[in-house]
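Spelled out from the first residue to the last, the chains are:
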Amino acid sequence: MIDNNTSGAPPEKHLYLRLVLLVFLTLFVSLGIFYSFIVVARVGRMDYLSVGDTMRTEVIYPNGYINRSTGNQFPSAYKGYTIRVTVPLEEDKKIENAALCFQLYHNVVQVRWRDQLLAEVGTERAQQGRQVGHQHVVAVIPDEAWGEELSIICTPQEDQATNNLRDPVILKATDARLYYLINNQFDFVIFFTLLVFSVIGLVAFTLMFFLGFRRFSQGIFLSLFLLAVCVWYLCYQGVFLAFSVNANVFVSLEDYSLFFLPLPLLAYLRRENVSKNLKRLCVAFEIFFGAVFLAVLVLEQISSPIRVADMTPIMRLALLVAMIAIITLLMSTSPETKPTLSDRILRVGLVVCLVISVLEVLRITISNMPALWEIDYLQVYVRLKFTRVMILVFLLVLLASFGMRLVDIFRQDMQARHLTQLAYTDLLTGVPNRQACERAAREIGERERKGCAVLFFDSNDLKMANDRYGHEEGDELLRQIGQALTRSMQGRVGFFGRYGGDEFIACTYHSEEATDIKREFYQYLNEVNKQHIL
């Protein structure tokens, strides 16, 4: 193997590493998509009964007032309220060995038929003084209960609004673990694939960073952010519960990932081509969100009057302020700085996400105001899923922006490699030039190599050849000498090149190979002479 690296390209092993990482990335993402479609196809064959529209709800206020409504959406209830939901089980729609499934937040829930308790969730965490969080209820329905009614009693544990039972359905008890995918097939395919992509990306960019590719550090934080978003959203939708029976783990994981995700995002933005003021702002917000995240880690493990739910509004407000401040500074870039395509994609995307975020904040605000529930179009507005749209748009913007930045990096690398090649390659013969040879010679001195052999080759009477046969034939003579030297050094450790004019040099790090190099060199030239080229 020849030591000359005149192209400036990364070592061969790094090129192989890139290829291997690309192959594995493609493989795992393909497997993720394939697995997602398999699960979704199974969900599509499930029989289930949606009962949200047939429910009757009573919200009992602390003063005894009862607000009655129909459906799984109802006026907001808070700590001190009681929610009673009646679920009719129509005999003609009976499903054998069925279960009632639904989700809600921050409530202790009991599901009853007559005097029989079918399911109870949230009680253990409430008795421990911990936040109840996201609850996933699965209540097995006795076959004889059909034709009667089930009763759901919900007791809010936090001063956070409860205004709906999410996705209430009845399906076979054996399919209950896949209930969380019924209305989330699209989300599962997209976010599970992104989850696989983020894990592989995190490993790949981290490995490349430690191998010396420092410019790819931004990819580490993008992968971490993508991973946190996917974990949070799949927990939020309850999808992960299709693969685990321990709901408490995912209640905590949902909170951890939600409060962690601003940290890698800010670290990513801080490494963009931005002003010093924006970098300082990102650092300040990183410190703030880091402190909040540590507080959440502690609050999840202890009994405290301060709950994680109490910090959620602060989190939303801080994120909104951070986004507005970052967008403002991004838009106020000095005229001397010409924004790249990556910068423009990021700016436009952040503005779009800010608008969607404002719509989501308004939706949450309206959902917590019972007086507005009488307006029909506001009820429709409350049911819209801005969160999913914002997440998908934001992830698409970040991936597109980072993709363009990678294109810029590779383009710069190619330009640098080309310039290096011009600087260290003899344009006539295509072999390394004098500068490349001197650089290799200096490395021998720095590494204190011993046992080297140096060979000099001089083309005699080159001027006479130029005068008699013309400069084109003289140039061909030099090219054939360069070709002979290249072939004789092939597979050997050392360097070689054109040292100047008609002089060539070869250096082998194993002196015993010098005779073989000389023999192969003249052997090639003799073969060329037989063809009357020289």
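All values derive from a computational prediction rather than experimental measurement.

Caption draft 1: Just the sheet that holds strand S1 (residues 48–50), in detail. Taken in spatial order, the four strands of this open sheet run S1-S12-S6-S9, and their pairing is antiparallel. Whereas interior strands pair on both sides, the edge strands pair on one side only; in this sheet they are S1 and strand S9 (134–140). On average, adjacent strands in this sheet sit at an angle of 20 degrees to one another, irrespective of strand direction. As defined by bridge partners, strand S6 (residues 98–105) adjoins S9 across seven bridges and the pair is classed as antiparallel. Looking at S9, one finds that Ala-99 is bridged to Val-140. Contacts from helix H4 (residues 217–236) reach S6, S9 and strand S12 (166–172) within the one sheet, and its direction differs from that of S9 by about 40 degrees.

Caption draft 2: Broad picture of helix H12 (residues 434–447). Helix length check: H12 (14 residues) gives 20 Å between terminal C-alpha atoms against 20 Å at 1.5 Å per residue, within 8%. Among the residues of H12, Ala-436, Cys-437, Ala-440 and Ile-444 are the ones counted as buried. The buried residues of H12 occupy an angular sector of 100 degrees when projected down its axis, which confines them to one face. Across H12 from its buried face, at more than 90 degrees, point the exposed residues Arg-442, Gly-445 and Glu-446. For H12, the elements touching its buried residues are helix H11 (386–424), strand S14 (494–500) and strand S15 (503–508).

Caption draft 3: Structural detail: the nonpolar core. Of all hydrophobic cores here, the largest spans 104 residues; its most connected members are Leu-100, Phe-102, Val-109, Val-111, Ile-152, Leu-165 and Ile-170. The biggest single contributor to this core is H4, with 12 residues. With residues up to four places along the chain from it excluded, the contact list for Leu-100 reads Val-51, Val-87, Val-111, Val-137, Val-138, Ala-139, Ile-141, Leu-150, Ile-152, Val-169 and Ile-170. Leu-462, Ile-481, Met-489 and Ile-517 belong to the second largest nonpolar core, which has 20 residues in total.

Caption draft 4: Spatial organisation of the sheet that holds S15. One open sheet holds the three strands; their spatial order is S13-S15-S14, and the pairing between them is antiparallel. Each edge of the open sheet carries a strand with a single partner, namely strand S13 (453–458) and S14. On average, each strand axis in the sheet is inclined to that of its neighbour by 15 degrees, with strand direction left out of account. Against the sheet, H12 touches S14 and S15, its axis set at about 140 degrees to S14. Against the sheet, helix H14 (residues 471–489) makes contact with S13, S14 and S15, and its axis sits at roughly 5 degrees relative to S15, the strand it touches most.

Caption draft 5: Representation of the side chain of Arg-498 within the structure. Within the secondary structure, Arg-498 sits in strand S14. For Arg-498, a relative accessible area of 15% gives the class buried. Within polar-contact distance, the side chain of Arg-498 engages the side chain of Asp-426 at 3.2 Å. Once you skip the residues sitting within four places of it in the chain, Arg-498 turns out to touch Asp-426, Leu-428, Thr-429, Val-431, Pro-432, Asn-433, Arg-434, Leu-478, Glu-503 and Phe-504.

Caption draft 6: Layout of the packing of aromatic side chains. Within the structure shown, the criterion is met by 15 aromatic pairs. Judged by centre distance (5.9 Å) and plane angle (70 degrees), the ring pair of Tyr-78 and Tyr-81 falls under edge-to-face. In this structure Tyr-81 comes out as buried when scored by relative accessible area, which is 16%. Residues Phe-457 and Phe-521 carry aromatic rings whose centres are separated by 4.3 Å and whose planes lie at 40 degrees to one another, so their mutual orientation is tilted. Taken together, the residues span a long stretch of sequence, with Phe-457 in strand S13 and Phe-521 in helix H15 (residues 514–530) at a distance of 64 residues. In this pair, the class of Phe-457 matches that of Phe-521, namely buried. Joined through ring pairs, the aromatic side chains of Tyr-61, Tyr-65, Tyr-78 and Tyr-81 make up one cluster. In this arrangement the basic side chain of Arg-434 is found over the ring face of Tyr-499, its NZ or CZ atom lying 4.4 Å from the centre. In this structure, Arg-439 is placed above the aromatic ring of Tyr-424, and the distance from its NZ or CZ to the ring centre is 4.1 Å.

Caption draft 7: Up close: the pattern of salt bridges. This model, assessed by the stated rule, comprises 12 salt bridges. A salt bridge links Lys-93 to Glu-90; the nearest nitrogen and oxygen atoms lie 3.7 Å apart. On the basis of relative accessibility, which here comes to 33%, the residue Glu-90 falls in the partly exposed class. In this structure, Arg-114 and Glu-148 form a salt bridge, with 2.6 Å as the shortest nitrogen-oxygen distance. Of this pair, Arg-114 sits in the loop between strand S7 (107–113) and strand S8 (116–121) while Glu-148 sits in the loop between S9 and strand S10 (149–156), placing them 34 residues apart in sequence. Where salt bridges share partners, they join Arg-492, Glu-513 and Glu-520 into one cluster.

Caption draft 8: A look at the pairing of S7. A large share of S7 lies buried, amounting to five of its seven residues. Examined bridge by bridge, S7 and S10 share six bridges and lie antiparallel to one another. Paired with Val-111 across the bridge in S10 is Ile-152. In the sheet, S7 pairs with S8 via five bridges, with the strands oriented antiparallel. Across the sheet, residue Val-111 finds its bridge partner in S8, namely Ala-119. Linking S7 back to S8 in an antiparallel pair, the connection comprises two residues, with Arg-114 at a positive phi of about 55 degrees.

Caption draft 9: Representation of the confidence of the model for the protein within the structure. For the protein, the mean per-residue pLDDT works out to 79, and 82% of the residues sit at or above 70. Per-element confidence in the protein is highest for strand S5 (residues 82–88), whose mean pLDDT is 94, and lowest for helix H1 (residues 12–44), whose mean pLDDT is 58. Here residues 1–13 is a poorly scored stretch, pLDDT under 50, and it has 37 contacts once near neighbours within four places are set aside; other chains count.

Caption draft 10: Main features of a nonpolar patch on the surface. There is a patch of nonpolar side chains on the surface, built from Val-351, Val-355, Val-358, Leu-359 and Leu-362 and spanning about 360 Å² of accessible area. Structurally, Val-358 can be placed in helix H9 (residues 341–367).

What counts, and at which threshold
- Positions within a chain are numbered from 1, following the residues in the order the chain's sequence is written.
- Whole-chain, interface and lining totals are the exception, using all residues; otherwise, since this is a predicted model, local features are given only for residues with pLDDT of at least 70 and side-chain atom pairs are given and counted only at 80 or more.
- The side-chain values count all of the structure's non-hydrogen atoms but skip hydrogen atoms and water molecules.
- Strands pair, by our definition, only if DSSP identifies at least two bridges between them.
- Each helix is a run of DSSP H or I of at least 4 residues and each strand a run of E of at least 2, with the numbering of both proceeding from the N terminus.
- Here the axes come from fitting lines to C-alpha atoms, over the contacting stretch only for helices, and the angles between their N-to-C directions go from 0 to 180 degrees.
- Only heavy atoms enter the contact rule, under which two residues are in contact if any of them lie within 4.5 Å.
- Helix span, expected: 1.5 Å multiplied by one less than the number of residues in the helix.
- Remark: exposure states derive from per-residue accessible area (1.4 Å probe, protein chains only) relative to the maximum for the residue type, with buried under 20%, exposed over 50%, and partly exposed in between.
- The reported arc concerns the directions from the helix axis to the C-beta atoms and nothing else.
- Buried residues of nine kinds, namely Ala, Val, Leu, Ile, Met, Phe, Trp, Tyr and Cys, make up a nonpolar core once their side-chain atoms join them within 4.5 Å.
- Residues adjacent in sequence count toward polar contacts only when both atoms are side-chain atoms; beyond that, a polar contact is any pair of N or O atoms within 3.5 Å, and within protein one must be able to donate a hydrogen and the other to accept it.
- Between 30 and 60 degrees the pair is tilted, below 30 it is stacked and above 60 it is edge-to-face, where a pair is any two Phe, Tyr or Trp rings, Trp via its six-membered ring, whose centres lie within 6.5 Å.
- Working rule: Lys NZ or Arg CZ, within 6 Å of ring centre, within 35 degrees of ring normal, means a charge sits over the ring.
- Salt bridges are defined as contacts in which a side-chain nitrogen from Lys or Arg sits within 4 Å of a carboxyl oxygen from Asp or Glu.
- Per-residue confidence from the prediction method is given by pLDDT, with values spanning 0 to 100.
- In this analysis, a patch consists of residues with relative accessible area above 30% that form no salt bridge, clustered at 9 Å for like charges and at 5 Å for the nonpolar side chains Val, Leu, Ile, Met, Phe, Trp and Tyr.
- Only the protein chains shown count as cover for residues, with accessible areas throughout obtained via the Shrake-Rupley method and a probe of 1.4 Å.

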